[in-house]
Amino acid sequence: MKRILNVLIIVTVCTLAFVGFLVAFNSFRGTTPRPLADQTFTIHGQPTTCSMLFGQACDYSLQSQYNRWGNGLESFVESSTLGPYATEIGFAASAKLSLQACGLARTAGNTVLEFEALARREHPEATSPQLFPFWNRTRQGLCPQQ
């Protein structure tokens, strides 16, 4: 009887370990985002992908933002009053800041402060007054809140 009890305990422990392994493996697999398609939009008369516009491969977040709002990106950046800083940094950098503002604005709880922290990773010299138009105008024009 004691032998049967020991075997049952061993089988139970092995089963629990196996189930734990499967749960951990599936949760790890689920956290890796699937690659996104690199959509093409016409920018300055040329078919342009995210990586072509920014000169490097786009991470998942930027690619997602480009795929969602890239179609209106050229007209928005060219016609919006983003200020002299936008002129100084050029179209591609202005477009990237605008897409990042859209991504953050669409996530509950984010404010201009989170946008400034993100923007300063690539633009440490930028001041709050230089970055605010990207946050404000983008949410009004490129990806308006509904």
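Bear in mind the structure is a predicted one, so any value in this text is a computation, not a measurement.

**Student:** Before we go on, may I ask you to explain the state of the cysteines in this structure?
**Tutor:** Any covalent bond linking the sulfur atoms of two cysteines counts as a disulfide. For the structure shown, the criterion picks out 2 disulfides. Covalently, C50 is tied to C58 through a disulfide, its sulfur atoms 2.0 Å apart. For the disulfide bridge between C50 and C58, the dihedral angle about the S-S bond is near -100°, and by the sign convention the bridge is left-handed. Overall, the relative accessible area of 0% leaves C50 in the buried class. Looking at C58, the relative accessible area reads 18%, which means it is buried. Taken N- to C-terminal, the disulfide-bonded cysteines of the protein chain are connected 1-2, 3-4.

**Student:** Could you clarify how one ought to interpret the packing of aromatic side chains in this entry?
**Tutor:** Here a ring pair, both rings aromatic, is described through the centre-centre distance and the interplanar angle of the planes. Taken as a whole and judged by the stated rule, the model has 2 aromatic pairs. Relative to Y66, the ring of F41 has its centre 5.3 Å away and its plane inclined at 65°; by these criteria the two rings are edge-to-face. Here Y66 lies in helix 3 (residues 60-69) and F41 lies in strand 1 (residues 41-43), a separation of 25 residues in the sequence. Like F41, the residue Y66 is buried in the burial classification. Sitting over the ring of F54, K96 keeps its end group 6.0 Å from the ring centre.

Conventions adopted
Residues numbered from 1 in each chain as written. Predicted model: local features only at pLDDT ≥ 70, side-chain atom pairs only at ≥ 80, totals over all residues. Heavy atoms only, no water. Disulfide = S-S within 2.5 Å. Buried < 20%, exposed > 50% of the residue type's maximum accessible area, 1.4 Å probe, protein only. Phe/Tyr/Trp six-rings, centres within 6.5 Å; stacked < 30°, edge-to-face > 60°. Helix = DSSP H or I, 4+ residues; strand = E, 2+ residues; numbered from the N terminus. Lys NZ or Arg CZ within 6 Å of the ring centre and 35° of its normal.

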